[in-house]
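For reference, the chains in residue letters:
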Amino acid sequence: GPKTANKAWDYLACTEIVHPIAANNVSDMFPPQTWSVDALSAGCRREFHAAPRPAWMPRSMGMARGAAHLADATSHVIFTNGLLDPWSAQSVTQNVSSTLVAINIPDGSHHSDLGAPPNPDVSEADSPTLRAARAQQLAILKGWLEERATPTVAVA
């Protein structure tokens, strides 16, 4: 149920997906809240008897040395960012290469490009920037699939 899902997310936020996001209620809609590793560590120890691993996610996703080195770990990724989502500050917001692509939606929220619950279904009410981002995603994916479907011929 919802309580179990929330608890699971809290555990992940303690141990693997550490998000150093504060709020000030000036440039965001959230009540003022500072963020520190010490405060997170205390809460994680109290709740789960666990310690945060802030470096785990960047290391495991090939981001420990920053986005410029992402190609060392992966390829063919579209990073879609709703710029109204505070988490977009931690995302890849510029193209790293032709196959590590960033699509930014200025008026987009968290997961708004997915068009799935709890977000509204894809509709004509979607903003032009959201519709353009979805079209760009499809075009990129179709291009990658076509590249993979075309057999390569070895030249002797």
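Per chain, the residues get numbers from 1 upward, laid out in the order the sequence is written. The predicted nature of this model means local features are confined to residues of pLDDT at least 70 and side-chain atom pairs, given and counted, to a pLDDT of 80 or more, with totals for whole chains, interfaces and linings taken over all residues. Just so you know, side-chain values use all the structure's heavy atoms and leave hydrogens and water out.

1. A word on the confidence of the model for the protein
One rule of thumb: low pLDDT means the predicted coordinates there are not for detailed reading. Applicable threshold: The predictor attaches a confidence to each residue, called pLDDT, with possible values from 0 through 100. Numbered from the N terminus, helices here are DSSP runs of H or I no shorter than four residues, and strands are runs of E no shorter than two.
Looking at the protein, pLDDT values average 85 and 92% of them are 70 or higher. Mean pLDDT across the secondary structure elements of the protein bottoms out at helix H3 (residues 56–60), with 81, and peaks at strand E2 (residues 100–105), with 95.

2. Structural notes on the nonpolar core
Condition: Residues belong to a common nonpolar core when they are buried Ala, Val, Leu, Ile, Met, Phe, Trp, Tyr or Cys residues joined through side-chain atoms within 4.5 Å. Each residue gets one of three labels from its accessible area relative to the maximum for its type: buried under 20%, exposed over 50%, partly exposed in between, using a 1.4 Å probe on protein chains only.
Among the nonpolar cores identified, the biggest contains seven residues, and these are Val101, Ile103, Ile105, Leu130, Ala133, Ile140 and Trp144. For this core, the secondary-structure elements that each account for two or more residues are E2 and helix H4 (128–149). Examining the composition of this core, we find that four residues originate from one element, H4, more than from any other. Core analysis: the next-biggest nonpolar cluster, separate from the first, contains six residues, Cys14, Val18, Cys44 and Ala50 among them.

3. As for H4
Rule in force here: Given the number of residues in a helix, its expected span is that number minus one, multiplied by 1.5 Å. Taken from the helix axis, the directions to the C-beta atoms give the arc we talk about. Contacts: residue pairs with any heavy atoms within 4.5 Å of one another.
For H4, with 22 residues, the first-to-last C-alpha span of 31 Å sits near the 32 Å given by 1.5 Å per residue. Within H4, the full set of buried residues consists of Leu130, Ala133, Arg134, Gln137, Ile140 and Trp144. Seen end-on, H4 carries its buried residues on one side only, within an arc spanning 130 degrees. Along H4, the residues that are exposed and aim more than 90 degrees away from the buried face are Pro128, Ala139, Lys142, Glu146 and Ala149. Buried-residue contacts for H4 involve strand E1 (77–82) and E2.

4. A closer look at helix H2 (residues 37–48)
For H2, built from twelve residues, the straight-helix expectation of 16 Å at 1.5 Å per residue is met to within 8% by its first-to-last C-alpha distance of 16 Å. Listing the buried residues of H2 in full gives Leu40, Ser41, Gly43, Cys44 and Phe48. Along the axis of H2, the buried positions cluster into a sector of 170 degrees, meaning they face one direction only. In this structure, H2 carries Asp38, Arg45 and Arg46 as exposed residues pointing more than 90 degrees from its buried face. Remark: histidine 49 follows H2 within two positions and exhibits a positive phi of approximately 55 degrees.

5. Considering the environment of threonine 15
Position of threonine 15 relative to the elements: it lies in helix H1 (residues 2–15). Judged by its relative accessible area of 4%, threonine 15 falls in the buried class. For threonine 15, the contacting residues outside a window of four places in its chain are Ala50, Ala51, Pro52 and Arg53.

6. What about the state of the cysteines?
When the sulfur atoms of two cysteines share a covalent bond, that bond is a disulfide. As a reminder of what qualifies: By convention in this document, the label disulfide applies to cysteine sulfur atom pairs within 2.5 Å.
Inspection of the entire model under this criterion finds one disulfide. A sulfur-sulfur separation of 2.1 Å characterises the disulfide bridge that pairs cysteine 14 with cysteine 44. With the S-S bond torsion at -100 degrees, the cross-link from cysteine 14 to cysteine 44 turns out left-handed. Of this pair, cysteine 14 sits in helix H1 while cysteine 44 is found in helix H2, placing the two residues 30 residues apart along the sequence. For cysteine 14, a relative accessible area of 7% translates into the label buried.

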